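In case you want the letters, here they are:
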Amino acid sequence: MEDLPYPLVVDILGRLRKASDRNSVSLTCKRILAIDNEHRQSIRVGCRLQSAYEALTSLCVRFPNLQTVEIDYSGWTSVLGKQLDDQGLNILACHCPSLTNLTLSFCTYITDVGLAHLASCSNLRSLKLNFIPGISGRGMLSLVVGCKDLLNLSLVRCLNVRSFEWLEYLGKFGNLEELFIKNCRAIGEGDLIKLGPGWMKLKRLEFKMDCDFRYAKAYDKLVALRCESLRELSLVNCIISPGRGLSCMLGMCEALEKVHLDMCNGITDGDIAALASKSKRLKSFSLHLSPGFFGLTNVSYRLTDECLKAVACGCPNLEEFRLVYSKGDFPFFFYLSLDGLLTLIQSCPIRVLALEAAYFFDDLGMEALCSANLLSTLELVQCPKISDEGIQFINRYPLLTTLKLSKCVGVTDMGLKLLIGSKKLEWLMVEDCPWITLEGIKERKKNCMAECKIHLYEVSTFMRLQASERDAFR
């Protein structure tokens, strides 16, 4: 091992993805240990770091070229020792000059002082903070002022970040490309406007409100924003007010390729039509609706087939469409119909179609999908109007290779008789379908091609399988 060429040793170490494997091979000789120490670029530490300061310092000295560090204290209790606090971040800042990616999770002893230490990490490009309750907007400001080249910022359950000078600074002087804000109670939809000129550089935005803890705020009408670079947009539990905030932004994104709208209260046909008219490059569109969430009395907030027709007309490159209704909603309160869905499918090159709790989708819809010449993946969840007759149309889909059936009470063993024997499917998952049994699957599986992978999960409560029986089947 001592005689191996240096480039070959580096290549061997680079192929070992697990830290345990790299540690094991480093024990073979001192030379490989030294090379591994020099080239190790990432570590992950957490509850078992004992004692915290000395252990972290030792790791940083041993691996002088660390670029990615993850500190995770999920599941921590006091009996596991002391957590890293602000002094730990000072150790990272002093001993890791090449640090570019940092993730902190459940570090409850870190405060604004610790973020101020990180401000000296001039090479930091990505920072992810998950449940760091001790930090505030003041600490975030000191961080972004020092880390001027920050490209990726993620805040998850950072409950006390209330001031937004840091967002304004990022917008004026930063180069932020990806922003993720999830369940930060004090950060609302209208606060995103403070990013200002930074919207021009932003490429990906994920924003999720904690709907159970929302601060009442009044937002002014949003001025025109330029979102020329935004490619991915995900909004969850957001309030979409006409002519304000996010409603104005939806019609200003020309480069969007992926959109996910989940339980967005107040969104209208006009909002989606404005989105579709600008987003000619859109490839993936996911819509998660709850009729009760929109309000039973406000008819203007009900989405209709007009929004699907607008997407069909304005997004000629759409390849993936997902429509999900929340569990527990009643089928009579739906406003999207089979007509609007078929218009979308016939106008766009749909490759992936996923429907959940879409009670309007029936055997006629299954037959209409025969015209979807590019459809390769179909997911049907809680679609009770699909029967064995409708399932048989799948054999006529030209390119379908992947099928998921879940909670489809109208499909039985007889419906899968020809389907499983089809030489077309490569992957089939059956989950919680009460009339599809293990015995029926076993009988049909004998005629199935070897390359078709079948996954059978628990069926309904009165036909559950024992775990050992399921494992034996797999």
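Cut-offs and rules
- Residues numbered from 1 in each chain as written.
- Predicted model: local features only at pLDDT ≥ 70, side-chain atom pairs only at ≥ 80, totals over all residues.
- Heavy atoms only, no water.
- Disulfide = S-S within 2.5 Å.
- Salt bridge = Lys/Arg side-chain N within 4 Å of Asp/Glu carboxyl O.
- Helix = DSSP H or I, 4+ residues; strand = E, 2+ residues; numbered from the N terminus.
- Buried < 20%, exposed > 50% of the residue type's maximum accessible area, 1.4 Å probe, protein only.
- Polar contact = N/O pair within 3.5 Å; in protein donor to acceptor, adjacent residues only side chain to side chain.
- Contact = heavy atoms within 4.5 Å.

Chemist: Mind laying out the state of the cysteines, listing which residues take part and the relevant values?
Modeler: This model, assessed by the stated rule, comprises 0 disulfides. This cysteine, Cys 94, is not joined by any disulfide, and Cys 121 carries the nearest cysteine sulfur, 8.6 Å off.

Chemist: Describe the pattern of salt bridges, with residues and values.
Modeler: Inspection of the entire model under this criterion finds 13 salt bridges. Between Lys 203 and Glu 177 there is a salt bridge, with the nearest N and O atoms lying 3.9 Å from each other. One end of the pair, Lys 203, is in the loop between strand E6 (178–182) and strand E7 (204–208); the other, Glu 177, is in the loop between helix H8 (165–173) and E6, with 26 residues separating them in the sequence. Judged by relative accessible area, Glu 177 falls into the partly exposed class, the value being 28%. In this structure, Asp 191 engages Lys 194 in a salt bridge whose closest nitrogen and oxygen atoms are separated by 3.5 Å. Relative accessible area serves as the criterion here: at 3%, Asp 191 is assigned to the buried category. According to the relative accessible area criterion, Lys 194 is partly exposed, its value standing at 30%. When salt bridges that share partners are traced, they join Lys 182, Arg 204, Glu 206 and Glu 232 into one network.

Chemist: How would you sum up the side chain of Asp 413? Please name residues and give values.
Modeler: Considering the arrangement of structural elements, one finds Asp 413 in helix H16 (residues 413–420). Looking at Asp 413, its side chain comes within polar contact range of the side chain of Thr 437, at 2.7 Å.

Chemist: Which residues make up the environment of Leu 256, and what are the values?
Modeler: Locating Leu 256 in the fold gives a position in the loop between helix H9 (245–249) and strand E9 (258–262). Put simply, Leu 256 and Leu 282 are 26 residues apart on the chain and 5.6 Å apart in space, counted from C-alpha to C-alpha. In this structure Leu 256 touches Leu 230, Arg 231, Glu 232, Leu 233, Leu 275, Ser 279, Arg 281 and Leu 282, once residues within four positions along its chain are discounted.

The values reported here are purely geometric and, on their own, carry no functional implication.
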